[in-house]
6 protein chains.
Amino acid sequence: MRPSNRRPDQLRPITLTRGYTRHAEGSVLAQFGDTRVLCTASVEERVPPWLRGTGSGWITAEYGMLPRSTGERMAREAARGKQGGRTLEIQRLIGRSLRAAADLHALGERTITLDCDVLQADGGTRTAAITGAWVALCDAVGRLQRDGRLADSPIRHQIAAVSVGVFESTPVLDLDYAEDSAAETDMNVVMNGAGGLIEVQGTAERLAFTRHELNALLDLAEAGIEQLLVIQRETLAD
Amino acid sequence: MRPSNRRPDQLRPITLTRGYTRHAEGSVLAQFGDTRVLCTASVEERVPPWLRGTGSGWITAEYGMLPRSTGERMAREAARGKQGGRTLEIQRLIGRSLRAAADLHALGERTITLDCDVLQADGGTRTAAITGAWVALCDAVGRLQRDGRLADSPIRHQIAAVSVGVFESTPVLDLDYAEDSAAETDMNVVMNGAGGLIEVQGTAERLAFTRHELNALLDLAEAGIEQLLVIQRETLAD
Amino acid sequence: MRPSNRRPDQLRPITLTRGYTRHAEGSVLAQFGDTRVLCTASVEERVPPWLRGTGSGWITAEYGMLPRSTGERMAREAARGKQGGRTLEIQRLIGRSLRAAADLHALGERTITLDCDVLQADGGTRTAAITGAWVALCDAVGRLQRDGRLADSPIRHQIAAVSVGVFESTPVLDLDYAEDSAAETDMNVVMNGAGGLIEVQGTAERLAFTRHELNALLDLAEAGIEQLLVIQRETLAD
Amino acid sequence: MRPSNRRPDQLRPITLTRGYTRHAEGSVLAQFGDTRVLCTASVEERVPPWLRGTGSGWITAEYGMLPRSTGERMAREAARGKQGGRTLEIQRLIGRSLRAAADLHALGERTITLDCDVLQADGGTRTAAITGAWVALCDAVGRLQRDGRLADSPIRHQIAAVSVGVFESTPVLDLDYAEDSAAETDMNVVMNGAGGLIEVQGTAERLAFTRHELNALLDLAEAGIEQLLVIQRETLAD
Amino acid sequence: MRPSNRRPDQLRPITLTRGYTRHAEGSVLAQFGDTRVLCTASVEERVPPWLRGTGSGWITAEYGMLPRSTGERMAREAARGKQGGRTLEIQRLIGRSLRAAADLHALGERTITLDCDVLQADGGTRTAAITGAWVALCDAVGRLQRDGRLADSPIRHQIAAVSVGVFESTPVLDLDYAEDSAAETDMNVVMNGAGGLIEVQGTAERLAFTRHELNALLDLAEAGIEQLLVIQRETLAD
Amino acid sequence: MRPSNRRPDQLRPITLTRGYTRHAEGSVLAQFGDTRVLCTASVEERVPPWLRGTGSGWITAEYGMLPRSTGERMAREAARGKQGGRTLEIQRLIGRSLRAAADLHALGERTITLDCDVLQADGGTRTAAITGAWVALCDAVGRLQRDGRLADSPIRHQIAAVSVGVFESTPVLDLDYAEDSAAETDMNVVMNGAGGLIEVQGTAERLAFTRHELNALLDLAEAGIEQLLVIQRETLAD
């Protein structure tokens, strides 16, 4: 029995709210149960130095948690003077995942930055961030098209992500914090709309896992991501 | 004529939403028109080194803006490795203002940290932060009382704040960004529930101001803060 | 009775010594009683990136305290690896105040940096810094004119500053450290030579203050600044 | 055909040299072809604050690359003032992997730090680091036992790691830099001596990958790690 | 001919002004011609962690240059966020030199920090700092004795320093900036009152130097330091 | 009797191994007994900003110690976020010494960076670094010549360095850690192939030293450096 009474293969209630804030070219609040991540996409008409003159654009991400998004207050990274290893690891994952969505040359020499800020954390913030950021990216590209700055969309793939894990010996989908903090194995899976794998990051937290468990987790993730892809498309259709 | 069509002495629509996030002892979304600041109050059972053993508690504040809370994306302070001067100046103001609300000895040797994070900026973020943080502080104290950790409330004064300024030669209340960026004079006023002044920070942005203008601005601020005090009390009464 | 036996409206002995050091285009030691601040003005023939090509110059300030300018040794900010919030707040105030002295376009695309370093602190360092920096700024502009780099002076206003506060229930002018550390209210006032207000920063340290007290403090400040303006002009006339 | 002429399932020549430096309790040079990583294990009789008094020890890792371990000189992280995201990500992976080797309570309240410094890089530095660090950890534990500081070894599992990837549409084992920089998919796999999975980190570099490819890569990794486990045991038996 | 018309073996006018600032236990302005360094000695009743409980005290130094102590404005180290290599090298030299003056056990478990801040630079700031800091150290020890905190002085040696160098093929004493920036060889020498060498730091700036030149420079330094030792004693006798 | 049973004027076994790593234009492992420093020379076709357009090249150095190169593990400087004073002092010394080897204009507008990383420390790391770096510099220049990027070598002088010191009242050559940590005086000497002095840095660690001792130490250094110069030439001749 899961703490939330969900079935092993059941997602939490998912909501992706577009236009959550006003200034960004794309702004999506991604809610996976009590996890709430604000994903904004910002367009800037410049690229990092190593891409200047190449005709290629860039997609990158930054991740942060509000100090009291968590049960215990965390020190503010801006005040400590650096981003922690977990933060950097997550924002690198988000950036790589979203770059897999687009043809960077078709974007042209501009940068889209996906800021994923956790307002409230209850497990699965990085996968909620990726799922929401893809919608924000679409909205930013739509804005570029409406503004006449881009004729065709550079987006080639739909991207969504979910966490899976082994909790009390059972593979479960979309772990909340109560499950995540007690899980034996924890895995984040990013896939595209064609069913291709983009990232698989599995970690044995307490016990090693088997190929059999890995496959069961991937099955769960695949089914979960399929539902998320539908929600993303419905959100964009509104 | 103000860009927002408000009268010179008219506040923007104000909403203070309690319990906006789940983990913090106090969590208030302060909305002043399009300005939205999430104010959380976190209780920790320890004090800074210089207060250990004195019997006194501490109230402090931290302020941040999400990178895309503004029209142009701002660099993330955590990534740049330090908080800017404006950020430090604002969080010092918020901290001082909220310490004026309470008897720190009556709080006991614990710290309440007020995190004020701007989700969306449209002028007046620091005064919205102070006004919201006072409600979050009350909620955190209420939680301490309900948990039996504190018998009597250490809160002695109600605290609210508003910005005023001279815009196109006219003193106006509660400036939004369009006004703020063009104002000749800009002033932030913090007052308590008894009508006492806590902070007055006036700056000539383009032209020096006169004692007469200063008084007109303080009159506007006083009237505005009176309304904010009512809204705070109504919010807490819900 | 003030600790220094001064009348409530009495300044400390004020001395502004020009040419205190040799290298800077302007170099003034500002002494307000035992407070001694070395104010240097340095001219550089470049502007910050955001002003390049605009024809506008820039005036900025940096503030520091020598580690043993105070009663207890303070940690050296260079060794701690960052400037504290108080330092940044003060140097922002000095910079804004001095920019109010000049027409930045008339300065041309160059930067004047006012370094205000406290050799000995006894209260009122930021207002002494502003008062001395204005004289250093004039000397630097004079040098530019003598060198033929500038035909007409871009200085439009005389700028001086003083602190006032409520000490043992009495409004007093130009607080020394003994008064400042015990004051109920503390206010820094910056004015120009025409009697216009540039900055008013009042803080209730122990008790809220009234509009009546605010006015009494501003009256004191106005009278004190008038004397400082005379001293500045006499210093420049030497 | 692989650039190195190896078969798809062929490891590079592997050497683990114990006692490579003199001071550390364990010191192993791990060579995977031209990749050379110096792995030292240092014992300190203290634990991080959050473990004090719990009876539990700690195993952690730090990773670095010498500036000219690579084809182009990289900026020295100590001089830049921070460790990059890739560095932090890798050292977190090494630390987690090695903690999976031991019973931290059986270690007692002491810390073993595994410093993995890349002297020469040619792909697969993180997996070489993990494979070498496990041997260094064993040597450090052996030293503790010989010194009478520890009766029984806290090591419960053998740990080794290898990289696999899809290069020119073919799954291959133990990629060198020429392959790694052109790979379509890149995966790092950490396993224990019982065949359990500890970490699986797969990334689509150019193209999404399929479950089929994932399984082919895991098969290769499993076979490669089996060989590495033998080499580790032989190295320790010397 | 030296730019200053001095003889090769002639010091600049030297003044050591005690009690230059009010708060520090020792405060000396050291002037070597146009070089002016404020040296303060601060006593703190604690020692660094590695000396706690050993009965030994500590003497250390910090060095800084005001941004416009030099011909061109230097960036403020506090603003840049770190002390440069030259600063650290100099403050390590000053600290070592002054520790050679005292018996740290006789000082007891307290720290004396020598802050050497350059108000105006014209060559030889580090040697002026050492020479002035020794007098400030004596004054701080005198204060401890007068306050009854210390019965006997822990000072065992008089310490002074001077720069020498080869300028236009001639060995000269106490180089000013014009000489220093053109010198072929530059050497700083620290000696004690008994004629013992404490530090010799010679650098070939343009040409290698010979043993013969080294000896000529040391002869000059010895004679110069003898004069400085007299000036120090006369200063303390006032 | 020296702890190593060496005669006072005896060097430790010295080995300079060229081509120790593969990527760098020059790569030398310098071994002085148990001290092992990896010295790489990296060529970059750019110069620091202040040399652009001057036709002059640049030679610079960076120094680091692996955390467990020492008896006790040292904190990793990259993790602490800054290089310590000792590190900066040493890398400045190495850089200055190697610049004395070459005509920077003859190098052309390119930079050679000498990274000296201590794999194992047993005293004398900075002098081993200089001695090894000179050979690495030669190899890098040789590579530039073979690649046709440079017609004539810009190297004008051979450079080598050794430490000397007074240990148990006896001047000794090439101190190991056991001697270094107990020495009364410690001196580092850098000379060129023509017998000219480049750097002399002598420090009284416990007792002041005399001119007589200084001369005895320089005699020892001279004789030691002569042997090192031979070893360098033999190494290059291989």
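Quick notes on the rules
Residues numbered from 1 in each chain as written. Chains lettered and ligands numbered in written order. Predicted model: local features only at pLDDT ≥ 70, side-chain atom pairs only at ≥ 80, totals over all residues. Heavy atoms only, no water. Pairing = 2+ DSSP bridges. Helix = DSSP H or I, 4+ residues; strand = E, 2+ residues; numbered from the N terminus. Axes fitted to C-alpha atoms, helices over the stretch in contact; angles between N-to-C directions. Contact = heavy atoms within 4.5 Å. Buried area = accessible area lost by both parts, 1.4 Å probe. Salt bridge = Lys/Arg side-chain N within 4 Å of Asp/Glu carboxyl O. Polar contact = N/O pair within 3.5 Å; in protein donor to acceptor, adjacent residues only side chain to side chain. Nonpolar A, V, L, I, M, F, W, Y, C, P; charged D, E, K, R; others polar. Expected span 1.5 Å × (residues − 1). Least-squares fit on C-alpha atoms with pLDDT ≥ 70 in both. UniProt positions renumbered as here; feature names shortened; annotations may be inferred. Buried < 20%, exposed > 50% of the residue type's maximum accessible area, 1.4 Å probe, protein only.

Trainee: Looking at this structure, how should I read the sheet that holds strand β1 (residues 14–18) of chain B?
Mentor: The strands making up a sheet are joined through hydrogen bonds of the backbone, oriented either antiparallel or parallel. All names here are of chain B. Spatial strand order, β1-β2-β3-β5-β4: five strands in an open sheet with mixed pairing. Edge strands, defined here as strands with exactly one partner in the open sheet, are β1 and β4 (58–65). Averaged over all pairs of adjacent strands, the angle between their axes in this sheet comes to 20 degrees, without regard to strand direction. Here helix α2 (residues 85–99) sits on the sheet in contact with β4 and β5 (111–120), set at roughly 145 degrees to β4. Strands in contact with helix α6 (residues 211–237) are β1 and β2 (26–32); relative to β1, the strand with the most contacts, it is inclined by about 30 degrees.

Trainee: What is the right way to look at the interface of chain A and chain B in this model?
Mentor: Interface size, as often reported, equals the accessible area lost upon joining of the parts. Contact with chain A, which involves 39 residues of that partner, is made by 39 residues of chain B. In total, chain A and chain B occlude about 3000 Å² of area from one another, counting both sides; carbon and sulfur atoms represent 45% of this. Looking at the side of chain A facing chain B, the largest losses of area belong to His23, Arg68 and Arg73 of chain A, adding up to 24% of the total buried there. Applying the counting rule to chain A against chain B returns 16 salt bridges. Here Asp34 of chain B makes a salt bridge to Arg22 of chain A, at a shortest N to O gap of 3.1 Å. Summed over the shared surface of chain A and chain B, the result is 27 residue pairs in polar contact (both at pLDDT 80 or more). For the side of chain A that touches chain B, the element with the most residues is strand β3 (residues 35–44) of chain A, which contributes seven residues. For the side of chain A that touches chain B, the per-class residue count stands at 13 nonpolar, 12 polar and 14 charged.

Trainee: What is the right way to read helix α4 (residues 125–146) of chain E from this model?
Mentor: Taking 1.5 Å of rise per residue, 22 residues should cover 32 Å, and α4 of chain E covers 31 Å from first to last C-alpha, within 8% of that figure. Looking one or two residues beyond α4 of chain E, the residue adopting positive phi is Gly148 of chain E, at roughly 75 degrees.

Trainee: It is not clear to me how the relation of the copies chain A and chain B should be interpreted in this structure. Could you clarify?
Mentor: To go from the first copy of the chain to the second, apply a rotation about an axis and then a shift along the same axis. Least-squares fitting of chain A to chain B yields an RMSD of 0.0 Å, with the superposition described by an axial translation of 0.0 Å and a rotation of 180 degrees. On this basis, the relationship between the two copies can be described by a two-fold rotation axis. Identified as the residue of chain A closest to the rotation axis by C-alpha distance is Ala78 of chain A, at 1.8 Å.

Trainee: Would you explain the UniProt feature "binding site: phosphate" (unreviewed entry) in chain A in this entry?
Mentor: All names here are of chain A. Feature annotation in UniProt assigns "binding site: phosphate" (unreviewed entry) to the following positions: Arg86, Gly124, Thr125 and Arg126. For this annotated set, covering 41 residues, all C-alpha atoms fall within 13.4 Å of each other, a compact arrangement in space. Position of Gly124 relative to the elements: it lies in the loop between β5 (111–120) and α4 (125–146). When sequence neighbours within four positions are dropped, the list of residues in contact with Gly124 reads Arg12, Thr35 and Leu175. Here Arg126 shows up in helix α4. For Arg126, the residues in contact, after removing those within four places along its chain, are Arg86, Glu89, Ile90, Leu93, Asn188 and Gln201.

Trainee: Even after reading the chapter, I still don't get the environment of Arg68 of chain B, so can you show me in this structure?
Mentor: If you trace the backbone, Arg68 of chain B turns up in the loop between β4 and α1 (77–80). In the structure, Arg68 of chain B is positioned 51 residues away from Leu119 of chain B in sequence and 8.1 Å away in space, judged by C-alpha atoms. Ignoring anything within four residues of it in the chain, the contact list for Arg68 of chain B reads His23, Ala24, Glu25, Thr40, Ala41, Ser42 and Val43 of chain A together with Arg73 of chain B. Engagement of the side chain of Arg68 of chain B in a polar contact is seen with the backbone oxygen of His23 of chain A, the distance being 3.0 Å. Here the side chain of Arg68 of chain B touches Thr70 of chain B through a polar contact of 3.2 Å, landing on its backbone oxygen.

Trainee: Would you take a moment to explain the pairing of strand β2 (residues 26–32) of chain C for this structure?
Mentor: For a regular strand, side-chain orientation follows a simple rule: the groups alternate between the two sheet faces. Residue and element names in this part refer to chain C. For β2, the tally of buried residues reaches six of seven residues, placing the bulk of the element in the interior. Of the strand pairs in this sheet, strand β1 (residues 14–18) and β2 are connected by five bridges, and their pairing is antiparallel. Across the sheet, residue Leu16 finds its bridge partner in β2, namely Ala30. Between β2 and strand β3 (residues 35–44), which follow one another and run antiparallel, lie two residues, and Gly33 among them has a positive phi close to 60 degrees.

Trainee: Is there a simple way to think about the UniProt feature "domain: Exoribonuclease phosphorolytic" (unreviewed entry) in chain A in this case?
Mentor: All names here are of chain A. UniProt records the feature "domain: Exoribonuclease phosphorolytic" (unreviewed entry) at residues 10–140 and 157–223, using the numbering of this structure. Across residues 10–140 one finds 30% helix and 31% strand; the C-alpha atoms that close the span lie 31 Å apart. Strand forms 43% of residues 157–223 and helix 25%; the C-alpha atoms that close the span are 18 Å apart.

Trainee: What's the story with the environment of Arg52 of chain F in this structure? I'm lost.
Mentor: Residues and elements named next belong to chain F. Within the secondary structure, Arg52 sits in the loop between β3 (35–44) and β4 (58–65). Take Arg52: its relative accessible area is 57%, and that puts it in the exposed class. Among all residues touching Arg52, those that are not within four sequence positions of it are Val47 and Glu109.

Trainee: Explanation requested: the side chain of Gln232 of chain D in the structure shown.
Mentor: Residue and element names in this part refer to chain D. Structurally, Gln232 can be placed in helix α6 (residues 211–237). At 2.9 Å, the side chain of Gln232 forms a polar contact with the backbone oxygen of Thr131. If we skip the residues at most four places from it in the chain, Gln232 touches Leu16, Thr131, Trp134, Val135, Gln158, Ile159 and Ala160.

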